[in-house]
Every structure is written in C-alpha cells, then in structure tokens.
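Working through the structure, step by step
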Amino acid sequence: MKILPYRSLVLMFSILLIHSSCQRDVDTMPNNDPAPSSVRMPFNQKLFILNSSQKGSEIYKIDYDFQGLEDDAYLTKLRLTKNGRPFRIPRGGHMCISPNNDFITVVVSRLKKIYLVNIASLEVKVIHLFGYFPNKKCADMRRNLKKFKFRGKITQVDVDQDGYLFLAGKSGFYKVITDWGNVENSNGDIWNDEDPELDGTRFAGQTWAHAVKFEFSGNLAVEGAEDEVFFEQETYFEENTISTLNTVKFLGGDILFTQNSLETDGFEEQRLISFSQWNGGSAIYLNNLDWNWDDQKVTFNAGTLYTGLNNKITEKSGGRVTGAALTGDNMVFTSHHYSEYLQLRTLNGQIIKDDVRMILLDRNGNEKGALYHNWGDMASTQSFDKNSQNTQDIILDNRSIEGEYFGDWFRGNLEGYQLAEMKLYRPKDFNYGLKDLSHDNYNVSKESRRNSANADIADFRKNANKFVALGGNGGYTLLQLPNKVTVTDETTLQVVETTWGKQPYYEVWEDAWSAYEEKAAVYVHRSYTGRYYYDGLEEDSEWVKIGDAYIANNEFHLSSNTDLAEGTEISWVKIVDNGSTSGDGFDVNFVATYEKPIVKEALSDREILMLFYNSTGGDNWRHNTNWGTDKPLSEWYGIGTNEEGRVNVIELIDLNVNGDFVEELADLQYLRKMVIPFNSFTGTLPARLTELESLELIYIVGNKTPFLVPEEFNDSPIMLYK
C-alpha cells in the first residue's frame, strides 16, 4: 500500500505545530520573519496523465518521488463532475495546465471543445472553440455556428510564456484568444473568460474562444496526424519520412515549454520542445519564436534534439510517445503507447529511468494493478525557480533572502559570484512519517527539508528555514553552477550549512563540530561540464574531494587541491554527508563560487628569517650563530631589532649566502637596512620591498651570481646599490 503525500487537514495542521529544527535544542520554527509562500516552490507540484480509449478519457494524478527515483508511480483517478454529476471527458484529448496552475486544460479538437478541469474542485467547464474571424460579429456567428467552428487538426497543446493556450498540429500553429474581433481587443485568459453577449440567447452561459492561426514565415512547413482518426492505431501512429529539411512534423506526442531566463534568474533559456511520432520518435526544439499578430506569422529556429523515442526497451517499456511533462529540474516524463511504464529523461535525451511503473490505486489507496496506457497526454503544474520576496535596498537577486548573517556570508561583491542550483537530491534517512511537499505546506513543515528547491535560495537569516537536509551519513546532493568556472589561484567554493542559532563561522573544524555534530564531504567534478545530469554521474571516478564542511560558513580554495590543475573547468558540485550524528544530517543552506584572493596568515619575523635561511643554504653560511634557536632575534648573527624586538636590520657580508630571495622579506614591516654584499643571490629581488615605508637602503654589491631587479625600484626612494 502506498502512503500518499497528501493527508487530512488534521494531520497537516498537526505537523505545522510540531515542526522541529535541524538542531536538537530548537523545537519550533522561528516566529519572526517567516518565509512567505512566494519564495520558491517545488518545481513540479502535481503531475497528471490523460488515458484515452473508445469509452472516453480518464485523468489520473501521479504521485512519484522524483528525488528518490523510486521504481513505482502511484496513480489516483480524478472523479470529475459537471453540473454536480459525474462526468467523463470524451476521447481524443490533448492536455496542459493553465498559467496559474488551477485548471487541467483538455483540448478535443474533433469536437471543437476545450474542457477545463478545476484542480481544486474537479468540476468541469466547457469552452466552445471557434476559428478566428475578426470581421464577424457575435450575432453573425450565432446564425451559423457550424460555419465558424474550429477546423484545425491539432495533436499537441501547451501554454506559452505569454499565457496563451498554444495549439500545434497538421494545420499549423494557433494561439487561442477570448473574444472575436481584432486580437488587440482580446487576451489569452480563456480560463476566466465570460461571454455576456450570449446572455438572452440559447447559448447563454456558454464560453466561446477563438483560435488564431499563424502561418510560418519563410521556408518552413509543418505536418501532423489528423486528430479525428487518432483512435485508429495504424493511422495515428503512422510512420512518416521527412520530405524536406525544413519540415517540422507535430505528429502525435506532446509539446512543452521549458523555463525561460526571467523565471530562472538567467539559468535557463526558453525553448519549445515537441515530442513527436515523426521519424521514429523525435524530440524537436524550436527556439526564438517570434509571433507577429499583424500578419499572423511566426518565425523560429528548429532542429532535432534526439530521436528514438518510439523504441521499445522491453516488451512493455517504451514505445511510441503519447505525452510529455516537465518535472524535477528541467527533466521530462514521457508516456508511451500501451506501456505500463513512464520514462524519465533529461532534455538532451539522456534516460535517467526507463521503468517507472504506473500503479493504480483505489479510493482507499490500495494497489489494484498497473495502468496500460493507451494514448493521451501528460501535464504538470509548474512553479518556476523564482523568489519574489526581495524589496530591500541591498544588492540581492531573486535567489537571496536578507538576514542577520548577510554580512558574514554574502560574497556578491566579488568577481564571478554565482549561486549553484540543486540538480539531484538523495537524502539518506528521515524519521518523518509523511512526505508532504504540497504547495501550502512546503514552507512551514519539517518536511520542507526534503524540497531540494529550498537550497537554491541563499537564506542569510540566523534561523534560516530555506535549506535541505541530507538525512544522515550517505545522503548526498548534486549541484550545478549556472556558468562553468575555470580554476585560478583565487577560485573559491562556498558551502554554507544552516546555523539555527549557532555562530556564522568557526575558526577551526573542532569548534564547529563541538557546536553541532554535522559534517559533509565536498567534491567537484574535474572533467564533466555538460548541461544536464546523466545517469550515474554521482558515482563517476572523476570527483575530486576538496575538503569537509561543517556547521556555518565553509570556503575552499580550489587551487590548493593538487588534483585540480589551474585551468580546470568546473561545473558540478557534490556534497555527501559523511558522519553527522544529528537526526536529519548535514543541512545545505546554499553553495556559491567566486574569485577571492587567498589571505595568508601573517608570518612572524622569526618565521620569515627562517624562510630566508632555508632558501639560501643557511647551514653552509660562514657565520650563522643562534639562527633557528629560540634566543632573541637581536642575538641572531647579522640581525638588528628595534625596541619591540622587530627586525630592522639584516647585515650578512660575504657569508656564502647562496640562493633565491624570498618574497616574504617584504613582510618585515620595520626593516630599515638590508646590507648583504659579496654573496651569491639568485632569482628576483621582491618588488614588494618598495612598499615598505621604513626601508632606506639595500646594499648588494659584489654579488657573485646574476639576479633580477624589478622596475618598481626605478622610481623608489630606496637607496639600492648592486
């Protein structure tokens, strides 16, 4: 029996009251500054499949743990009503979701009707679909309805980025508008439209919509199957060969719009993808769609992403695609003709899982066999990766939340700053009884920690509640950087763990572990920079560990790792819980990269002198009394100090000093004189010596070997003799 993710109001109310923190000593969510519901949702909230047969169409809600990549998807039939009575949508529909995620929209073009299913109430409303006749009035249309009915042949539907219902098929492209007349007087919101001009007629209470046909501008064509005969398998799934290079065939299958740059803060670029029966099953992309309402023409760039959608993997797995729905982080589910399995792919065709079995549930949640899908469609509600909360007068994008630790964690002022996106989330174990990631509950219950989209928001609050928990030892997540990074000596990876009342930063890992026992290993992939996750990426041998992360702020300089050469390109990050003792493991708040100079700890004068000693063969000097001992520096041969014991004179005359200068000599901030003639110095005199305000004299005459003097000394007031 499947434990469904949506429970009774009593249970939902109770978990709101019992929200325990990621730390054992905090029992409730913070009362101040709660995260509003407008801050980032799970990408895919509800997933539906339309199954059509001679008897009609049935819609099922699909429950699937995308993050866990489970083997089974659980289907619950939606029991639709119309005017208070049970209702079944006629056969032959194609399905999408309304822009506000409130209506399942089923277009049955052979009946010239659109069926709107209210997702909350499951009540069905019917819209009558007509062609577009800008010079005709409502009264003219009422006298001869048949003449004005929609006559297009369409097999694919979706809502475009402008909020219009979009139709595609043999007859071309259409946008559906609300009213007759010029398109300038209309809009695309058919879901809330009413027709008062029909009041007092036999059509009172009906809603009419109109499909505006767009021709293809230039040398483009489109072909598709006739929707009226879709139920005849041999015609609906007829194989076609491409006739010209510019032919785009919308034959069966489905279309969907991916996320656009405005919705994802620049991470994604909008494209329309058609999953077609054409040419053995092809995924075709259409980029840069440009709609001209004046002459009803559309232009675009088109090409094939991949083929082979129609291939059967096993007897019941795969086959001709019938529907597609965006899910997860820009992945897609596809349904297949007479198959009990769904396939999960990335948008470049990589199959993540090809055997997600569709298990039917009865009203009580008990299993009653598998669904062998005939034909139909798939659709998902979509809330894109966007945070609309920020109104502060600080430099924040829509993926950041201001808070008490902003000054400690924010690195947006540094070159190359970017936040990573969660792409794969595999928590280990949770002790929670429910997996409630619903629209209403994801922000306020402890289950929100299993929502990977929460870690795409940088939450700078002391008591953050936008994070994901790895669930204990072995839980992991993969993240991707919007722009790949070329490793330099300044490239830094930041991993922030949620503090919940702890300090924003700990100097040493022992203190962080003592504050709270959570830790995770951090890796970067040194060879793969591809756009999409591929099956098995998390187990690849090319992951390089760059360190362990603990509570609060962790910053790793990538160049310090010997397995990452400068110039290596980095795109993917992996974080693995490797020993937390808390109930829900390491909590990922956010991950970022930027260029940050390595700030070395200041060396003492004693340490600097020893670097110089070792670089110049100090053991072989003619005199080296007390060098390397714990005696005062003033007692080291050739060293003078001021009243505070700081080095101000180095005087090593003809001592067989043999080797390179060391850069750290320029950190002797009280140095006045450096008299070192008749030795054998090599390398380059440190240019930073010219920055020492106290330095007056450098005397290196009679040197037995060549060395270099930087041009900075040309304009320096330092007296240099060489």
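The coordinates are above.
Everything in this summary refers to the structure shown in the same document. (Residues numbered from 1 in each chain as written. Predicted model: local features only at pLDDT ≥ 70, side-chain atom pairs only at ≥ 80, totals over all residues. Heavy atoms only, no water.)

1. Describing the overall build of the protein
Counting secondary structure elements, the protein contains 7 helices and 44 strands. Here the protein holds 722 residues, and the buried ones make up 55% of them. Once local pairs closer than 6 in sequence are excluded, the contacts in the protein between residues at least 24 apart make up 66%. Working note: accessible area of the protein is about 31,000 Å², and carbon and sulfur atoms make up 45% of it. (Helix = DSSP H or I, 4+ residues; strand = E, 2+ residues; numbered from the N terminus. Buried < 20%, exposed > 50% of the residue type's maximum accessible area, 1.4 Å probe, protein only. Contact = heavy atoms within 4.5 Å. Areas by Shrake-Rupley, 256 points an atom, 1.4 Å probe, with all protein chains shown as cover.)

2. Notes on the environment of Asn374
Tracing the backbone through its elements, the reader meets Asn374 in the loop between strand E24 (367-370) and strand E25 (375-382). A C-alpha to C-alpha distance of 8.3 Å links Asn374 and Thr322, two positions 52 residues apart in sequence. Residues within four places of Asn374 in sequence aside, it is in contact with Asn51, Ser52, Ser53, Thr322, His337 and Tyr338.

3. Here we look at the layout of surface pockets
Its boundaries defined by the atoms lining it, the second largest pocket holds a volume of some 600 Å³. If you trace the second largest pocket, you find 25 residues lining it, with Tyr505, Glu507, Asn554, Glu555 and Phe556 closest to the centre. Residue contributions to the lining of the second largest pocket peak at 5 residues, all from strand E35 (residues 553-557). For the lining of the second largest pocket, the per-class residue count stands at 12 nonpolar, 7 polar and 6 charged. (1 Å grid on protein atoms, 1.4 Å probe; cavity = no way out; pocket = protein on both sides within 12 Å on 5 of 7 lines; lining within 4 Å. Points joined across faces, edges and corners; volume = space filled by probe spheres on them. Nonpolar A, V, L, I, M, F, W, Y, C, P; charged D, E, K, R; others polar.)

4. Side note on the pairing of strand E33 (residues 520-525)
Burial of E33 is extensive: 5 of the 6 residues sit out of reach of the surface. Here E33 runs beside strand E34 (residues 543-549); their pairing, made up of 6 bridges, is antiparallel. Paired with Ala521 across the two strands is Asp548, which belongs to E34. (Pairing = 2+ DSSP bridges.)

5. Considering the nonpolar core
Counting 32 residues, the largest nonpolar core has Leu609, Phe612, Ile650, Leu665, Met674, Leu689 and Ile698 as its most contacted members. Residue assignment for this core shows that the elements contributing at least two residues are helix H7 (605-615) and strand E39 (647-651). At 4 residues, the largest contribution of residues to this core is made by H7. The contacts of Leu609, once residues within four sequence positions are left out, are Trp627, Leu633, Trp636, Ile639, Val647, Ile650 and Leu668. Membership of the second largest hydrophobic core comes to 28 residues, among which are Ala73, Val356, Met358 and Tyr476. (Core = buried A, V, L, I, M, F, W, Y, C linked by side-chain atoms within 4.5 Å.)

6. Brief notes about a negative patch on the surface
Together, Glu691, Glu711, Glu712 and Asp715 make up a negatively charged patch on the protein surface. Mapped onto the fold, Glu712 is located in the loop between strand E43 (697-699) and strand E44 (719-721). (Patch = residues over 30% accessible without salt bridge, like charges linked within 9 Å, V, L, I, M, F, W, Y side chains within 5 Å. Salt bridge = Lys/Arg side-chain N within 4 Å of Asp/Glu carboxyl O. Lys, Arg positive; Asp, Glu negative; His and termini not counted. Charge placed at Lys NZ, Arg CZ, Asp CG, Glu CD.)

7. Section: the side chain of Asn561
Residue placement: Asn561 occurs in the loop between E35 and strand E36 (569-577). Take Asn561: its relative accessible area is 14%, and that puts it in the buried class. Here the side chain of Asn561 touches Asp563 through a polar contact of 2.8 Å, landing on its backbone nitrogen. (Polar contact = N/O pair within 3.5 Å; in protein donor to acceptor, adjacent residues only side chain to side chain.)

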